[in-house]
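Observations on the three-dimensional arrangement
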Amino acid sequence: MASERRLYALKAFDDTKAGVKGLVDAGVTAVPTIFHHPPESLDDAPTHPHGHQFSIPVIDLAGLVTPSGRASVVGAVKAAAETVGFFQVVNHGVPEAAMSGMLAALRSFNEEPAEAKRPYYSRDPGRRAKYESNFDLFQSRAASWRDTLFMEMAPEPPPPEEIPPACRRVAPEYVGLVQRLGRTLFELLSEGMGLRRGYLEEEQECLDGLSFAGHYYPACPEPHLTLGAARHSDPSFLTVLLQDAVGGLQVLVDDDKNQPAWVDVPTAAGALVVNIGDYLQLMSNDRFKSVEHRVVAKSVGPRVSVACFFRADASTRVLEPIVTDAGGARYRSTTVAELVRHYRAKGLDGVPNGPGCFSVFSAASAPSGSPPT
């Protein structure tokens, strides 16, 4: 049976513990069928249709030093979060040396011999640091052309010996800088919602959990057959992404005036990409948008990126809408565990079922809440 052949091929690939990089090192000239995405996934929306004029906002945080400048930055962040859900930040306080050092360390690890990486390869959900290819390898309709070093960095980082030597010093230092930036971003988003500056950090504990995903996308011999990452939204409050100059990240934009289209997120020197996650769309009562995005495969590369996901630090954490007006709650309260179960059940390349891919949590008839203080 086709399903049995596919499962055998998936297991054979996974058992190498060498990832997609192992295929490239072996000299593959054709993309294996387990990586073939169906045409509807590859061409499910046009890219840059005629007349679709849109660019991802770039926000300069240097303006935060003055009251008038801060008001301008808050307005820009609010506008981006309420529309496309994506923006880039510059003058964000993370030094260029830290960013380039992080990308270099991640690339160095991925380009080590397979024997050196193999001890870190695992699908054990209990490991706080692990290297793997496609977290959803056995659930998705098609594998994606990437390998990942994943680490749970907060509230507690992994023991140093669990982190590959190439990243052992650099990754914790980089994450510390991103956490500092995260505090600033949550302050701006709190103010954008009309709340006090520390609300999302202190009352909603949005800084308490942080996951690190370092992605490595090798050059692909047949990029028209696969994807680096299928369309998805992020199960997080907020994601901060560092990407190199190769590019490939696209956002699905729907401005109500044109047909939804994939828009490239350009690689801007010194910039970090920020996007709203599912948790914050629910908590903001649908005010901020968690939008779908993907990474296209490329014949050039490798592409290297680091995503830091600000997440809840406990699966039992209850998320509920922050109602700041008389409109009532648009989502019901739910636990992080329930959101994650839904996310995993539909798969990274699952069929979207609404904004942020979690309209099943809609609560149109939920009673109005009281504005938070």
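Residues numbered from 1 in each chain as written. Predicted model: local features only at pLDDT ≥ 70, side-chain atom pairs only at ≥ 80, totals over all residues. Heavy atoms only, no water.

If you look the protein chain up in an unreviewed UniProt entry, it shows as Fe2OG dioxygenase domain-containing protein from Aegilops tauschii subsp. strangulata. Under the heading Sequence similarities (unreviewed entry), UniProt records this for the protein chain: "Belongs to the iron/ascorbate-dependent oxidoreductase family." The annotation that UniProt attaches to the protein chain under Cofactor (unreviewed entry) is "Fe cation". (UniProt positions renumbered as here; feature names shortened; annotations may be inferred.)

Before going further, it helps to spend a moment on the packing of aromatic side chains. Throughout the structure, instances matching the rule amount to 7 aromatic pairs. Note on Phe13 and Phe35: the rings are 5.4 Å apart at their centroids and 90° apart in plane angle, and the pair reads as edge-to-face. Of this pair, Phe13 sits in helix 1 (residues 2-15) while Phe35 sits in the loop between helix 2 (19-25) and helix 3 (39-42), placing them 22 residues apart in sequence. Arranged with centres 5.6 Å apart and planes meeting at 85°, the rings of Phe186 and Phe310 form a pair that is edge-to-face. A residue pair is termed long-range when its members are at least 10 positions apart, and Phe186 in helix 7 (residues 170-192) and Phe310 in strand 12 (residues 303-311) qualify at 124 residues. Summarising the burial analysis for this pair, Phe186 and Phe310 share the class buried. Joined through ring pairs, the aromatic side chains of Phe109, Tyr120, Tyr121 and Tyr131 make up one cluster. Its end group placed over the ring of Phe309, Arg311 keeps NZ or CZ at 4.9 Å from the ring centre. (Phe/Tyr/Trp six-rings, centres within 6.5 Å; stacked < 30°, edge-to-face > 60°. Helix = DSSP H or I, 4+ residues; strand = E, 2+ residues; numbered from the N terminus. Buried < 20%, exposed > 50% of the residue type's maximum accessible area, 1.4 Å probe, protein only. Lys NZ or Arg CZ within 6 Å of the ring centre and 35° of its normal.)

Attention now goes to the confidence of the model for the protein chain. In this model, the protein chain carries an average pLDDT of 89, and 88% of its residues clear a pLDDT of 70 or more. The low-confidence segment residues 365-373, where pLDDT is below 50, has 16 contacts with residues more than four positions distant or belonging to other chains. (pLDDT = per-residue confidence, 0-100. Contact = heavy atoms within 4.5 Å.)

What follows deals with the pairing of strand 11 (residues 293-296). In the case of a regular strand, side chains alternate between the two sheet surfaces. Bridge analysis of strand 6 (residues 227-232) against strand 11 gives 3 bridges, and the strand direction is antiparallel. Bridge assignment links Ala229 to a residue of strand 11, and that residue is Val295. Relative to strand 11, strand 8 (residues 249-253) runs antiparallel, the two being bridged by 3 bridges. Pairing of Leu249 across the sheet is with Val295, part of strand 11. (Pairing = 2+ DSSP bridges.)

The next subject is empty space enclosed by the protein. Within the structure shown, the criterion is met by 2 cavities of 30 Å³ or more. Volume-wise, the largest cavity comes out at about 70 Å³. Every residue along the wall of the largest cavity is listed here: Trp145, Tyr217, Pro218, Gly228, Val246, Gly247, Val295, Val296, Ala297, Lys298, Val300 and Arg303. For the lining of the largest cavity, the class distribution of residues is 8 nonpolar, 2 polar and 2 charged. (1 Å grid on protein atoms, 1.4 Å probe; cavity = no way out; pocket = protein on both sides within 12 Å on 5 of 7 lines; lining within 4 Å. Points joined across faces, edges and corners; volume = space filled by probe spheres on them. Nonpolar A, V, L, I, M, F, W, Y, C, P; charged D, E, K, R; others polar.)

Next up on the list: the sheet that holds strand 12. With respect to topology, 8 strands assemble into an open sheet ordered 1-2-10-7-12-5-4-3, the strand pairing being mixed. Across the chains shown, the open sheet's two edge strands, defined by having one partner strand only, are strand 1 (58-60) and strand 3 (129-132). The average angle at which neighbouring strand axes cross in this sheet is 25°, direction not considered. Pairing between strand 1 and strand 2 (residues 86-90): 3 bridges, direction parallel. Its bridge partner being in strand 2, Ile59 is matched across the sheet by Val89. Across the face of the sheet, helix 5 (residues 96-110) comes into contact with strand 3, strand 4 (147-154), strand 5 (209-217), strand 7 (238-243), strand 10 (272-276) and strand 12 while running at roughly 110° to strand 12. Against the sheet, helix 7 engages strand 2, strand 4, strand 5, strand 7, strand 10 and strand 12, with an angle of about 55° to strand 12. (Axes fitted to C-alpha atoms, helices over the stretch in contact; angles between N-to-C directions.)

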